[in-house]
Amino acid sequence: MSLQIAPLQKEKHAQTKINTASPFAFAQEQHILPVVVQEFVRIGAEMPIVFIKDAASDRFDVVAMLGLQTGENLMVADGKWQGFYVPKVLWNHPLILADDPGKEGQLLVALVESSPMVNTETGHPLFNEDGTESDFLKARVEIMREFFQQSQTTRIFNKALADLDLLVPQTLTIKLEGKPREITGIYIVDEKKLNSLSDEQILDLNKRGMMPAIYAHLMSLQQVQRLGERVNKAAAVAA
C-alpha cells in the first residue's frame, strides 16, 4: 500500500487523533534505520551501527541494523519494541518532516494519513478544541526539530570519516541455525587506518567530539551476534 502523506493543517486535521497502542507496527519490515551520533552509545549497546553508501551520490549514511536481511526486523514484534532504547527516528510516526513544495529548502510537518494509527476516535488529539496545537503535537514537533538538527551533525560526522578514508567495505559472517550467513553491503571504520592517523588528525576528531561515536560504532559490531541469537531463538520456538 502506498503512503498517503499530507501537510498537517489544523482545519483539515482538527479531529485527527493518533492511536499509539501499537506504535512500531509500521516498522515491522525495516531491517535498517537511520540514526544520529547523539544516540550511538545507547543504540550500540543493543544493535550494530554500520555505514551504507549511496551509489548515486557516493554519500555515506549511518544506520542501526534491526535485522540480518531485507524485510526482517528482529526488534519489533506485534507492534511493540523488543529492546530497551527506541531509536529516535521511530518516535514520531505517523508525523514526519517533509519538503515544503511551496518553499524550496524548507521543511513542514506532515501526516501519514494512510497509517492505521490515524483516526478520529481514539488516541492523542493533534489539536485542541480551540484550534491550537495539543501538548502531544507540540512535544512531537520539538522532537522532530531536534532530530533534524542532530541529523545535520551526523552528516558532518559521516563526511569527516569519509574524507579521512576511514570507511571500508566489510562482510560480516554469522552462524544462523548452524549455518554461516554473510552480510554484505555495509561499511565500518577501519581500526588500522584510525590508529595510523596523525596526532593532529586525532586531535581534530577529539576536538570535534567525534571519537566517542567512532568507538561506540566499533563496539556495537559485537551486537551482530545478538541479532543472530534472536533469529536462532525464534527458529527454535517455531520448531
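A brief look at the structure comes next. (Residues numbered from 1 in each chain as written. Predicted model: local features only at pLDDT ≥ 70, side-chain atom pairs only at ≥ 80, totals over all residues. Heavy atoms only, no water.)

## Describing the layout of surface pockets
Okay, so step 1: Approximately 980 Å³ is the volume attributed to the largest pocket.
Okay, so step 2: Taken together, 34 residues make up the lining of the largest pocket; nearest its centre are Pro34, Val89, Leu97, Phe147 and Ser151.
Okay, so step 3: Of all the elements in the fold, those that place two or more residues in the lining of the largest pocket are β3 (32–34), β5 (60–65), β8 (95–99), β9 (107–112) and α2 (135–163).
Okay, so step 4: Sort the elements by how many residues they give to the lining of the largest pocket and α2 lands first, with eight residues.
Okay, so step 5: Within the lining of the largest pocket, the residues separate by chemical class into 21 nonpolar, nine polar and four charged.
Okay, so step 6: Empty space within the second largest pocket amounts to approximately 190 Å³.
Okay, so step 7: Together, 16 residues line the second largest pocket, and His31, Leu68, Ile183, Thr184 and Ile186 are the ones closest to its centre.
Okay, so step 8: Element by element, the count of residues in the lining of the second largest pocket is highest for strand β13 (residues 179–189), at six residues. (1 Å grid on protein atoms, 1.4 Å probe; cavity = no way out; pocket = protein on both sides within 12 Å on 5 of 7 lines; lining within 4 Å. Points joined across faces, edges and corners; volume = space filled by probe spheres on them. Helix = DSSP H or I, 4+ residues; strand = E, 2+ residues; numbered from the N terminus. Nonpolar A, V, L, I, M, F, W, Y, C, P; charged D, E, K, R; others polar.)

## Remarks on the pairing of β13
Okay, so step 1: The pairing of strand β12 (residues 167–176) with β13 spans nine bridges and is classified as antiparallel. Bridging from a neighbouring strand, Thr173 pairs with Glu182 of β13. (Pairing = 2+ DSSP bridges.)

## Considerations on unusual backbone geometry
Okay, so step 1: In this chain, His93 is followed by Pro94 through a cis amide linkage whose omega measures 10°.
Okay, so step 2: With respect to the secondary-structure elements, Pro94 resides in the loop between β7 (80–81) and β8.
Okay, so step 3: Unlike most non-glycine residues, Asp58 shows phi in positive territory, near 65°.
Okay, so step 4: Even without glycine at this site, Asp165 takes up a positive phi of about 60°.
Okay, so step 5: When its relative accessible area of 46% is taken as the criterion, Asp165 is described as partly exposed. (Buried < 20%, exposed > 50% of the residue type's maximum accessible area, 1.4 Å probe, protein only.)

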